[in-house]
Amino acid sequence: SSATELTSEEVVRITRETNYGTWRFQKGWNPLHIVDSEGCYIIDANGKRYLDFSAQLMCMNLGHKNQAVIDSIAKQAQDLAYALPGYTTTARAELSKLLLEVLPKGLNKFFFTTSGTDANEAAFKIARMYTGKTKIIARYRSYHGSTAGSIAATGDPRRWSMEPRGKGPGIIFGPEVHCYKCPIKHTYPECGIACADYLEHMIRNESDVAAVLVEPIVGTNGVIVPPPEYMPKLRRICDETGVLLIADEVMSGWGRSGEWFAMNLWDVTPDILCTAKGITSAYVPLGLCATSEKIGDFFQDHYFAHGHTYEAHPMTLLPAVATIQEMRRLGLVERTRKLGPFVEEKLNTLKSKHPSIGDVRGKGLFWAVDLVKNQKTKEPFNTYADKVSSKALVVDQIAAKTLADGVIMQAWVSHFVIAPPLIITEEEIERGIDTLDKHLHIADEQCVT
Ligand code: PLP
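Criteria and thresholds
- Residues numbered from 1 in each chain as written.
- Predicted model: local features only at pLDDT ≥ 70, side-chain atom pairs only at ≥ 80, totals over all residues.
- Heavy atoms only, no water.
- Pairing = 2+ DSSP bridges.
- Helix = DSSP H or I, 4+ residues; strand = E, 2+ residues; numbered from the N terminus.
- Salt bridge = Lys/Arg side-chain N within 4 Å of Asp/Glu carboxyl O.
- Buried < 20%, exposed > 50% of the residue type's maximum accessible area, 1.4 Å probe, protein only.
- Near = heavy atom within 4 Å.
- Polar contact = N/O pair within 3.5 Å; in protein donor to acceptor, adjacent residues only side chain to side chain.
- Areas by Shrake-Rupley, 256 points an atom, 1.4 Å probe, with all protein chains shown as cover.
- Nonpolar A, V, L, I, M, F, W, Y, C, P; charged D, E, K, R; others polar.
- Axes fitted to C-alpha atoms, helices over the stretch in contact; angles between N-to-C directions.
- Contact = heavy atoms within 4.5 Å.
- pLDDT = per-residue confidence, 0-100.
- Expected span 1.5 Å × (residues − 1).
- Bend = angle between axes of the 7 residues up to and from the residue.

Q: Would you take a moment to explain the sheet that holds strand S13 (residues 407-408) for this structure?
A: Sheet strands associate in pairs through backbone hydrogen bonding, adopting either a parallel or an antiparallel arrangement. Strand order in the open sheet made by the 4 strands is S1-S2-S3-S13, with mixed pairing throughout. Among the strands making up the open sheet, the edge pair consists of strand S1 (34-38) and S13. Strand direction decides the pairing type here: strand S3 (residues 49-52) and S13, joined by 2 bridges, are parallel. Bridge pairing in S13 places Asp52 opposite Ile408.

Q: Explanation requested: the pattern of salt bridges in the structure shown.
A: Charged atoms that come close allow side chains of opposite charge to pair. Taken as a whole and judged by the stated rule, the model has 25 salt bridges. Asp197 is the partner of Lys233 in a salt bridge, and the nearest nitrogen-oxygen pair spans 2.8 Å. With a gap of 36 residues between them, Lys233 in helix H8 (residues 230-241) and Asp197 in helix H7 (residues 194-205) connect regions that are remote in the sequence. Ionic pairing is found between Glu259 and Arg337, a salt bridge with its closest N-O pair at 3.9 Å. Here Glu259, found in the loop between strand S8 (244-248) and strand S9 (272-275), pairs with Arg337, found in helix H11 (residues 332-353); they are 78 residues apart in sequence, far enough to count as distant. Arg337 gets classed as partly exposed once you look at its relative accessible area, which sits at 39%. Salt bridges here are not isolated pairs; linked through shared partners, they connect Arg235, Asp239, Asp271 and Lys294.

Q: Is there a simple way to explain the site of the ligand in this structure?
A: The ligand sits among Ser115, Gly116, Thr117, Asn120, Tyr143, His144, Gly145, Glu215, Asp248, Val250, Met251 and Lys277. In the environment of the ligand, a nitrogen atom lies 3.4 Å from a nitrogen or oxygen atom belonging to the backbone of Tyr143. Asp248 is positioned with one of its side-chain polar atoms (N or O) 2.7 Å from a nitrogen atom of the ligand. For the ligand, the protein covers 82% of the area, taking 390 Å² as the surface of the free molecule. Per-element tally for the shell around the ligand: the top contributor is helix H5 (residues 116-131), with 3 residues. Residues belonging to the shell around the ligand are distributed by class as follows: 3 nonpolar, 6 polar and 3 charged.

Q: Is there a simple way to explain the sheet that holds strand S15 (residues 415-418) in this structure?
A: The antiparallel open sheet is built from 4 strands, whose spatial order is S11-S12-S15-S14. Two strands close off the open sheet at either side, each with one partner strand: strand S11 (357-363) and strand S14 (410-412). Neighbour to neighbour, the strand axes of the sheet diverge by 20 degrees on average, direction disregarded. Here S11 runs beside strand S12 (residues 366-371); their pairing, made up of 6 bridges, is antiparallel. Note on S12: the bridge partner recorded for Asp359 is Asp370. Lying over the sheet, H11 contacts S11, S12 and S15, oriented at roughly 180 degrees with respect to S11.

Q: Is there a simple way to explain the confidence of the model for the protein chain in this structure?
A: In low-pLDDT segments, the atomic positions of the prediction should not be examined closely. This prediction gives the protein chain a mean pLDDT of 97; 99% of its residues lie at or above 70. Mean pLDDT in the protein chain bottoms out at helix H12 (residues 384-387), which sits at 92, and peaks at S9, which reaches 99.

Q: For this particular structure, what's the right way to read H11?
A: Residues spaced three or four apart along an α-helix face the same direction, because each turn holds 3.6 residues. The end-to-end C-alpha distance of H11, which contains 22 residues, comes to 31 Å, matching closely the 32 Å that a straight helix rising 1.5 Å per residue would cover. Leu339 marks the point of greatest bend in H11, at about 30 degrees, and the proline Pro341 comes within the next four residues. Among the residues of H11, those classed as buried are Leu332, Val333, Thr336, Leu339, Gly340, Phe342, Val343, Leu347 and Leu350. In the core, the buried residues of H11 are packed alongside helix H10 (314-329), S11, S12, S15 and helix H14 (426-439).

Q: What am I meant to see in the side chain of Ser37 here?
A: Its place among the elements puts Ser37 in strand S1. For Ser37, the residues in contact, after removing those within four places along its chain, are Ile42, Ile43, His64 and Lys65.

Next up, the structure:
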């Protein structure tokens, strides 16, 4: 029998009974049954429309139902659904040519995966094979994916659940750049970005360091844009110490910051750039690990010991070609850059009205609204410990209210991440922020002065 005979109640019940709901307790999982979508909206089985203020998982940059991307999927399925990765396909060459145009200059050798985490896994192996060294220095406020290597390199507490079974081999953590809540209690700019100096100190005092791994704009952990001199300084440190710089642009790439890639904000080219999400606007699962020429050259005479069955899967590559073409046709990078100051102004107004907002920060269409109990101490309402003890988080209470009002707000521990499809209009941005405005009293009332 066909799935269309199932009632919506049955769809939800079967899903709950037979599937894992991820990053949560299974008890109480009541997934929305989504049946349709359009532009910046998704529609549930009751016909209710939701403004998608986070592009789902900060990935549907073109929004829903882009016809050119849909057509590319149908065409590829008709022509050639799969070919083993040792062969090549026309889409593979077309996408590679486009990547040479849009990636930061100097990244010209590609390995295609099916998600962000496996793009990072490839980067770790490539960095280790290339340098002959082991250690990767990551930063505490970071998320790099959920598979073994990437979760070990994840600085945020999602890593902790793995550690009773041992630490990830060769991963060490340095300080994040986070001027609002500096981990070493410095003040920018007087600090001279001491957090970068400390990373240098680590590199010079550890043996066997292969790479430094950064999210150029930290995503889930609070949309943290570093001061302008941070990334050029890190590039210089890596060059001087012979350590590779890996940029995880899984979330910050593809126009989100108002540049094709966040690294373009500082005109810095990493040795390896990993990305996924917006590369196909999430219509199909694709990840990319792009390396510099010197790394590519190394493997001319060294065995490239890596690969997947679904590597360079044809069904994922033509949609990426269509995505890049659509982004260009619609001028979305430029448009996002221009919308940045508009969002900033709206969020600053929001902040001035609510004692619970400690900070708003971001770039382009990538913003955080950071909630605090107390403006002076900057103490958050909740921590990760609350999340894994099934406590009702303040951000989740607010997100539930905005959802009831038809606006999807992405909440993480004690902040919201605002990252809508890049096709969003100013009116829709206003509606999203106004809806948050309406429910922030829930946090304001719990502020302690
Ligand atoms: N890196 C960053 C910066 C991310 O934000 C994410 C996912 O949110 C990942 C890696 C992992 O990507 P995926 O979920 O596609 O494996």
